[in-house]
Amino acid sequence: MRRGRPGAPPRGTAERALTSVGTGGEAARPADDRRAERDGAAQPAPEGERREASRLWHITLSVSGAEAPLKEVRRSLEQLAHDHPFLLTSRYANDHAEIRYWEEARDLHDAAAVALRLWGEHRSTAKLPPWEIVGLEVIDRETYHQRVAEGYGPPPASPVGVHPY
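In short, a report on the structure. The shown structure was predicted, so the numbers you read here are calculated from the model rather than taken from an experiment.

Here is what the cut-offs are and how they apply
- Residues numbered from 1 in each chain as written.
- Predicted model: local features only at pLDDT ≥ 70, side-chain atom pairs only at ≥ 80, totals over all residues.
- Heavy atoms only, no water.
- Helix = DSSP H or I, 4+ residues; strand = E, 2+ residues; numbered from the N terminus.
- Contact = heavy atoms within 4.5 Å.
- Areas by Shrake-Rupley, 256 points an atom, 1.4 Å probe, with all protein chains shown as cover.
- Pairing = 2+ DSSP bridges.
- Axes fitted to C-alpha atoms, helices over the stretch in contact; angles between N-to-C directions.
- Expected span 1.5 Å × (residues − 1).
- Buried < 20%, exposed > 50% of the residue type's maximum accessible area, 1.4 Å probe, protein only.
- Phe/Tyr/Trp six-rings, centres within 6.5 Å; stacked < 30°, edge-to-face > 60°.

**Quick look at the overall build of the protein chain**
Counting its regular elements, the protein chain contains four helices and five strands. Listing every helix and strand of the protein chain by position from the N terminus yields α-β-α-β-β-α-β-α-β. Across the protein chain, every contact between residues at least 6 apart in sequence was considered, and the portion connecting residues at least 24 apart equals 70%. When the accessible surface of the protein chain is totalled, it reaches about 10,100 Å², and 52% of it is carbon and sulfur.

**Digging into the sheet that holds strand β5 (residues 161-164)**
Read from one edge to the other, the open sheet built from five strands follows the order β4-β1-β3-β2-β5, with strand pairing classed as mixed. Edge positions in the sheet fall to β4 (132-140) and β5, since each has one partner strand and no second. On average, each strand axis in the sheet is tilted by 15° relative to the strand beside it, whichever way the strands run. Relative to β4, strand β1 (residues 55-64) runs antiparallel, the two sharing eight bridges. Pairing of Val63 across the sheet is with Ile133, part of β4. Where helix α2 (residues 70-83) meets the sheet, it contacts β2 (87-92), β3 (96-105) and β5, and its direction lies at approximately 170° from that of β2.

**Quick notes on helix α3 (residues 108-122)**
With 15 residues, α3 should cover 21 Å at 1.5 Å per step; its first-to-last C-alpha distance of 21 Å lies within 8% of that length. Residues of α3 that are buried: Asp110, Ala111, Ala112, Val114, Ala115, Leu118, Trp119 and His122. On its buried face, α3 sits against β1, α2, β3 and β4.

**Comments concerning the packing of aromatic side chains**
Working definition: an aromatic ring pair is given by the centre-to-centre distance plus the angle between the planes. Applying the stated criterion to the full structure yields two aromatic pairs. Note on Trp102 and Tyr144: the rings are 5.0 Å apart at their centroids and 80° apart in plane angle, and the pair reads as edge-to-face. One end of the pair, Trp102, is in strand β3; the other, Tyr144, is in helix α4 (residues 141-150), with 42 residues separating them in the sequence. Side by side, Trp102 and Tyr144 carry an identical accessibility label, which is buried.

The values are spatial; any link to function lies outside them.
Below, the structure written as structure tokens:
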């Protein structure tokens, strides 16, 4: 899956294509089809099967670790927001942070895989603290809006930006 963000891909990614975890039918597909899909080539859907289009997923990524100066945490999260233009909002303290954004992906597996790489891939460029990922929530757009409408989901990401807890 190729991300639609401006600029060059992060170092070390070299046009990697994400694919979903197979459900058993993967071995039955010819190796050439699987290789072409991995390489990012569009494949026609097998006869009688509909290929799922990209969907929007709401991501909440929680990170935590040793205390860091608040000014440095804020600056690094602002840089992450600049590097990752789909970032909605970040909340932070000196030992943890929460990042919320929308991700476009074919399925939950792909959205989660991209989210789990976000912190590590931007650690050096944004000078992020050496914290570890301690939580991840990935929900589809419909579920997000349903939760908000019923009053028990996360409030809409407003105001957008980087804010202390």
